[in-house]
Amino acid sequence: NDSVTSLATACSAGSEVPLSENDILRERDDLEQASTCWACEGWTRVELEWQVPSGEPEPQAVWAFTSLDGFRSALRLHRLDSGADRFAAARMVPGGCKLGVIFQVD
């Protein structure tokens, strides 16, 4: 966005140097670069759940990898209260996104 780029500047040897859009968005997730407004883009909260198979021992940790970032970052699921044998975590997902999930159980 030109207005964002023109507003952002960095000091270099006492003069102002405009930052590029890549400089501004460098630390953001690829999906965040489309816009900074999750509500405007219709993102919704999605609960990810994994159930312990009957007769299996309790895992030490359960992780979910999603297609949102190419399955690169793990999201830790936590055991649900109430004694259920399920683990869950929430993730914000863009509207209309077909989410792929891979669970890693340790």
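Described below are features of the structure shown in this document. (Residues numbered from 1 in each chain as written. Predicted model: local features only at pLDDT ≥ 70, side-chain atom pairs only at ≥ 80, totals over all residues. Heavy atoms only, no water.)

Observations concerning the environment of E58
Structurally, E58 is set in the loop between β3 (44-51) and β4 (62-66). Separated by 21 residues in sequence, E58 and R79 place their C-alpha atoms 10.0 Å apart. In this view, E58 contacts R79 and F87; residues no more than four positions away in its chain are not counted. Within the structure, E58 has its side chain in polar contact with the side chain of R79 (distance 2.8 Å). (Helix = DSSP H or I, 4+ residues; strand = E, 2+ residues; numbered from the N terminus. Contact = heavy atoms within 4.5 Å. Polar contact = N/O pair within 3.5 Å; in protein donor to acceptor, adjacent residues only side chain to side chain.)

Focus: the nonpolar core
With eight residues, the main nonpolar core is built from L48, W50, V52, V62, A64, L77, F87 and A89. If you list the elements that add at least two residues to this core, you get β3, β4 and β6 (86-93). (Core = buried A, V, L, I, M, F, W, Y, C linked by side-chain atoms within 4.5 Å. Buried < 20%, exposed > 50% of the residue type's maximum accessible area, 1.4 Å probe, protein only.)

What about the sheet that holds β6?
In spatial order, the strands read β3-β6-β5-β4-β7; together these five strands make up an open sheet with antiparallel pairing. Both edges of this open sheet fall to β3 and β7 (101-105), since each of them pairs with a single strand only. Adjacent strand axes in the sheet meet at a mean angle of 30°, parallel and antiparallel pairs treated alike. Pairing of strand β5 (residues 74-79) with β6 involves two bridges; the strand directions are antiparallel. For R79, the partnering residue across the bridge sits in β6 and is F87. (Pairing = 2+ DSSP bridges. Axes fitted to C-alpha atoms, helices over the stretch in contact; angles between N-to-C directions.)

Regarding the packing of aromatic side chains
Overall, the coordinates contain one aromatic pair when judged by the stated rule. Ring centres of W50 and F87 lie 6.2 Å apart, and the angle between their planes is 55°; on these two criteria the pair is classed as tilted. Here W50, found in strand β3, pairs with F87, found in strand β6; they are 37 residues apart in sequence, far enough to count as distant. Given the relative accessible area of 5%, F87 is considered buried. (Phe/Tyr/Trp six-rings, centres within 6.5 Å; stacked < 30°, edge-to-face > 60°.)

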